Structure formats: structure tokens, C-alpha cells
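A structural walkthrough
This is what each chain is made of:
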Amino acid sequence: MNREQLAVYFIMGSGNTAGRDPLAVLGSALRGGVTCFQLREKGPGALKGEPLADFAAGCRDLCRQYGVPFIVNDDLELAVATGADGLHIGQEDGNAAEIRRRIGNRMILGVSAHDVNEAAAARSAGADYLGMGPVYGTRSKPDARAASGTELITSAKSAYPDLPIVGIGGIREDNAAPVIEAGASGVSVISAIAHAGDPERAARELRQAVREALEPG
Ligand code: TZP
Ligand code: MG
């Protein structure tokens, strides 16, 4: 994956869309220009079994239409079964080096990290990118840690300048710039797009905010 694909990294599960059809929300987000998508099916009412496989296949097909990487959160079996482009794991989701051995270089591997030590470990395990946060307060992850601000990204970036990072947690169009200025290649968001009245427009505005913040000078 190249770092431009991390610019606006949309994350969603079927329970994140405030009652709207999740595939319709994903389609709007893709039209608006999200550059990566992660299926994160969690929480009460999360799909399982065949309905999950069907939903994942629908997400994959939409992402393919737009040439956007389709990443599955924390479910290697589902990732393999749907022919996903990648897998994203948290610190509690198993050993990243072991998962890298199992998937080889056929799939993108993303790892969540909360400090420089976790970033170092993920990097040696072969992570392609890190998700770091929560940068700001979030309502989308009930067990999220306290907001860390952008300092977390600044320190990981200065320790490992070549390791692509996406910031996560409470990021919206109006607070995305500091995340990029701290050294992230992109921002990952759930609610800024999934809860937006107009997800296409929200995606487009985020893309623009990230583009402006990435421009040198
Ligand atoms: N990990 C850290 S914060 C978070 C996850 C999955 C939720 C991000 O959602 P939102 O709505 O963009 O704050
Ligand atoms: Mg997880």
C-alpha cells in the first residue's frame, strides 16, 4: 500500500450508521473520496456467520469499484474468505509477527498502537502502517483509552520516520490538520462520515482538509 491510500481511512460496521443502510453509506463515502476502508463489525447486534460474510462481500465489491483497499478488522478468517486487501489488528488481537508470518506479504497488515513501545514492536513485527490514538475524545469505542492529543503521533513519527501512521479518535474535518502536521499520513474516522447527514460531502471535506495539511509550506 502507498501512503496516499491512508489519507482518508474510513472505518465502519453495520452498527455505525445510525440506522441507515451501511452499504449506501459506504458507497457515498467512496464517492466522496475516501482512500481506504476498514470493515469493523463490533458491539451489540454485530453481524456473524453468513450475514457477516454477505455484508463483507458487499463492502469488498464497492471498494473494488473505486480501487480502494478493503481491510478487515480483527478477523483473519473473514479477511481471507472475502479476499480482503488487508487485516487490521489491535493490541489484544494476537501476535502481529505471527499473523504476518501467516499472511506473508499477500496482505496489508495494520496494527493499533498507543505509544512508542507498541509502535516499535508493531514495526518489527512487520506492520505496514499503524493506527494511533485516540487523538481526541471518541464516542465510537466504549473501551477507548483517554485522548492522547497529537503528541503520540509526533513521538512515533520522530522515532520511526518511515513508518506510515494514521491518527484515529474524534477526528473531523475541522481538527484533522494538526494530526497530519504531527506526522500522520492520514486520518481514520468512523462517526465523521458514518454519522454525517451527507457522508459523501463529509468524506470530500475531510479529503480536502487532509490534502491541504499535507501540502508543503
Ligand atoms: N480506536 C481508537 S478510537 C476509535 C477506534 C476504533 C473510534 C474512532 O471513531 P470516531 O467516531 O472517528 O471517533
Ligand atoms: Mg481489535
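A short tour of the structure in this document, coming up.

With an omega of 0°, the peptide bond running from glycine 133 to proline 134 counts as cis. With respect to the helices, strands and loops of the structure, proline 134 is situated in the loop between β6 (129-132) and α6 (151-159). Look at alanine 18: it is not a glycine, yet its phi comes out positive at around 50°. If you trace the backbone, alanine 18 turns up in the loop between β1 (8-12) and α1 (22-32). Unlike most non-glycine residues, aspartate 74 shows phi in positive territory, near 55°. Take aspartate 74: it is sitting in the loop between β3 (70-73) and α3 (76-81). With relative accessibility at 31%, the residue aspartate 74 sits in the partly exposed group.

Moving on: the site of ligand 1. The environment of ligand 1 is made up of Arg40, Thr138, Ser140, Lys141, Ile168, Gly169, Gly170, Val189, Ile190 and Ser191. Threonine 138 is positioned such that a nitrogen or oxygen atom in its side chain is 2.6 Å from an oxygen atom of ligand 1. A distance of 2.7 Å separates an oxygen atom of ligand 1 from a polar atom in the backbone of glycine 170. Calculation on ligand 1 without its partners gives an accessible area of 370 Å², and the protein chains cover 92% of this total. A breakdown of the residues in the shell around ligand 1 according to their chemical character gives three nonpolar, five polar and two charged.

Quick look at the packing of α1 against helix α2 (residues 49-66) now. For the pair α1 and α2, the least separation of the axes is 10 Å and the interaxial angle reads 15°. Between α1 and α2, the crossing angle belongs to the class labelled roughly parallel. Helix-helix and strand crossings are classified by hand; for α1 and α2 the assignment is right-handed. Of α2, the residues touching α1 (which contributes Pro22, Leu23, Leu26, Gly27, Leu30 and Arg31) are Phe55, Gly58, Cys59, Leu62, Cys63 and Tyr66. Classifying every residue of the contact of α1 with α2 by side-chain character gives nine nonpolar, two polar and one charged.

With that out of the way, let us pick up the nonpolar core. If you look at the biggest cluster of nonpolar residues, it comprises 72 residues, and the most contacted ones within it are Phe10, Leu130 and Ile193. The element contributing the most residues to this core is α2, with six residues. With near-sequence residues (within four places) excluded, phenylalanine 10 lies in contact with Val25, Leu26, Ala29, Val34, Cys36, Phe37, Gln38, Val189, Ile190, Ile193 and Ala194.

What counts, and where the lines are drawn
Residues numbered from 1 in each chain as written. Chains lettered and ligands numbered in written order. Predicted model: local features only at pLDDT ≥ 70, side-chain atom pairs only at ≥ 80, totals over all residues. Heavy atoms only, no water. Helix = DSSP H or I, 4+ residues; strand = E, 2+ residues; numbered from the N terminus. Buried < 20%, exposed > 50% of the residue type's maximum accessible area, 1.4 Å probe, protein only. Near = heavy atom within 4 Å. Polar contact = N/O pair within 3.5 Å; in protein donor to acceptor, adjacent residues only side chain to side chain. Areas by Shrake-Rupley, 256 points an atom, 1.4 Å probe, with all protein chains shown as cover. Nonpolar A, V, L, I, M, F, W, Y, C, P; charged D, E, K, R; others polar. Axes fitted to C-alpha atoms, helices over the stretch in contact; angles between N-to-C directions. Parallel < 35°, antiparallel > 145°, perpendicular 65-115°, else oblique. Left-handed = near helix turned anticlockwise from the far one by under 90°. Contact = heavy atoms within 4.5 Å. Core = buried A, V, L, I, M, F, W, Y, C linked by side-chain atoms within 4.5 Å.

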